[in-house]
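# Close look at the chain arrangement
The residues making up each chain are set out below.
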Amino acid sequence: AISQENIQLLQFQLQVGPHHQNRLHVFVDQLRKKVVKGRSLQPPQQLTPAKMVKVRMSSVDVAAEAACIKNKLKGMRLANMYDLSAKTYVLKLSRSGGEGDKVFLLLESGSRFHTTELIRDKADVPSNFTLKLRKHLRTRRLEDVRQLGVDRIVDFVFGSGEATMHLILEMYSQGNIVLTNAHY
């Protein structure tokens, strides 16, 4: 027998689409843990996509998106990097070999990171920071994407060994994007 809660959860899964399934599974796992601990839960009918619109990502969102991006983009090379604004950057990643698929990863310091298919107008002349990022990261392979602890900080690891570079995205108030070497 399927409970009313399971029916509502399935309806919600259909509404959010396949891209956000990983986030949904993390959310459901959290709900199950709260039930085990005896905490009260909000009723499932409040789980609607319209009410899940966020301005900033929570720590759980960051963990889910980092895991999703790691599975999808690990091993891809950084082809180029563009700045859309002073705090928004797009990384163009491509897979080596015959497949040649390209993925755009949007990084916005202070609020979000995710893959996208649409690139807005980019600056005619890249900023100095973008040029620095291109110099150190272009053609490097994305080796890892991880959340640092339970903070809203994501570490994108490019390259390996002594040549490793870390692009760290902080998602606090204004946020920062920091480029470091292997010895940070």
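Residues numbered from 1 in each chain as written. Predicted model: local features only at pLDDT ≥ 70, side-chain atom pairs only at ≥ 80, totals over all residues. Heavy atoms only, no water.

## Let's talk about the pairing of strand β1 (residues 77–83)
- For β1, the tally of buried residues reaches five of seven residues, placing the bulk of the element in the interior.
- Across six bridges, β1 lies against strand β2 (residues 88–94) in antiparallel orientation. Its bridge partner being in β2, Asn80 is matched across the sheet by Lys92.
- Where β1 folds back onto β2 in an antiparallel hairpin, the turn is made up of four residues. (Buried < 20%, exposed > 50% of the residue type's maximum accessible area, 1.4 Å probe, protein only. Helix = DSSP H or I, 4+ residues; strand = E, 2+ residues; numbered from the N terminus. Pairing = 2+ DSSP bridges.)

## Digging into the nonpolar core
- Within the largest apolar cluster, 27 residues are counted, with the highest numbers of intra-cluster contacts made by Leu107, Phe113, Phe156, Phe158 and Leu167.
- Elements supplying a minimum of two residues to this core: α3 (59–73), β1, β2, β3 (102–108), α4 (128–137), β5 (142–147), β6 (153–158) and β7 (165–170).
- For this core, the leading source of residues is α3, giving four residues.
- Here Phe113 is in contact with Met57, Val62, Glu65, Ala66, Ile69, Leu106, Leu107, Val154, Phe156, Leu169 and Met171, once residues within four sequence places are set aside. (Core = buried A, V, L, I, M, F, W, Y, C linked by side-chain atoms within 4.5 Å. Contact = heavy atoms within 4.5 Å.)

## Comments concerning the sheet that holds β6
- Taking strand neighbours across the sheet as the criterion, the four strands line up as β5-β6-β7-β8 in an open arrangement whose pairing is antiparallel. At either end of the open sheet lies a strand with only one pairing partner, and these are β5 and β8 (176–180). For this sheet the average axis-to-axis angle between neighbouring strands, irrespective of direction, equals 15 degrees.
- Inspection of the sheet shows β5 paired to β6 by five bridges, in the antiparallel sense. Across the sheet, Gln147 pairs through a bridge with Val154, a residue of β6.
- In the packing of α3 onto the sheet, the strands contacted are β5 and β6, and the crossing angle to β5 comes to about 165 degrees. (Axes fitted to C-alpha atoms, helices over the stretch in contact; angles between N-to-C directions.)

## Regarding α3
- Relative to the 21 Å expected for 15 residues at 1.5 Å per residue, α3 spans 21 Å between its end C-alpha atoms, a close match to the ideal helical length.
- Every buried residue belonging to α3 is among Asp61, Val62, Ala64, Glu65, Ala66, Ile69 and Leu73, and all of these are buried.
- Directly beyond the C-terminal end of α3, a positive phi value near 95 degrees is found at Gly75. (Expected span 1.5 Å × (residues − 1).)

## Here we look at the sheet that holds β3
- Strands sit in the order β1-β2-β3-β4 across an open sheet of four strands; the sheet is antiparallel. Each edge of the open sheet is held by one strand with a lone partner, namely β1 and β4 (112–116). Strand-to-strand, the axes of this sheet are offset by a mean angle of 20 degrees, without reference to chain direction.
- Most of the contacts of α3 go to β4, to which it runs at about 35 degrees, and overall it touches β2, β3 and β4.
- Along the sheet, α4 makes contact with β1 and β2, crossing β1 at roughly 175 degrees.

## Some remarks on the environment of Arg120
- Structurally, the position occupied by Arg120 is in the loop between β4 and α4.
- Overall, Arg120 belongs to the partly exposed group, its relative accessible area being 46%.
- Considering only alpha carbons, one finds Arg120 and Val90, 30 residues apart in sequence, at a separation of 9.6 Å.

## Overview of the environment of His114
- Residue position: His114 is located in strand β4.
- With a relative accessible area of 19%, His114 lands in the buried category.
- Separated by 24 residues in the primary sequence, His114 and Val90 have C-alpha atoms spaced 9.7 Å apart.
- The residues contacting His114, other than those within four sequence positions of it, are Glu65, Ile69, Phe104, Leu105 and Leu106.

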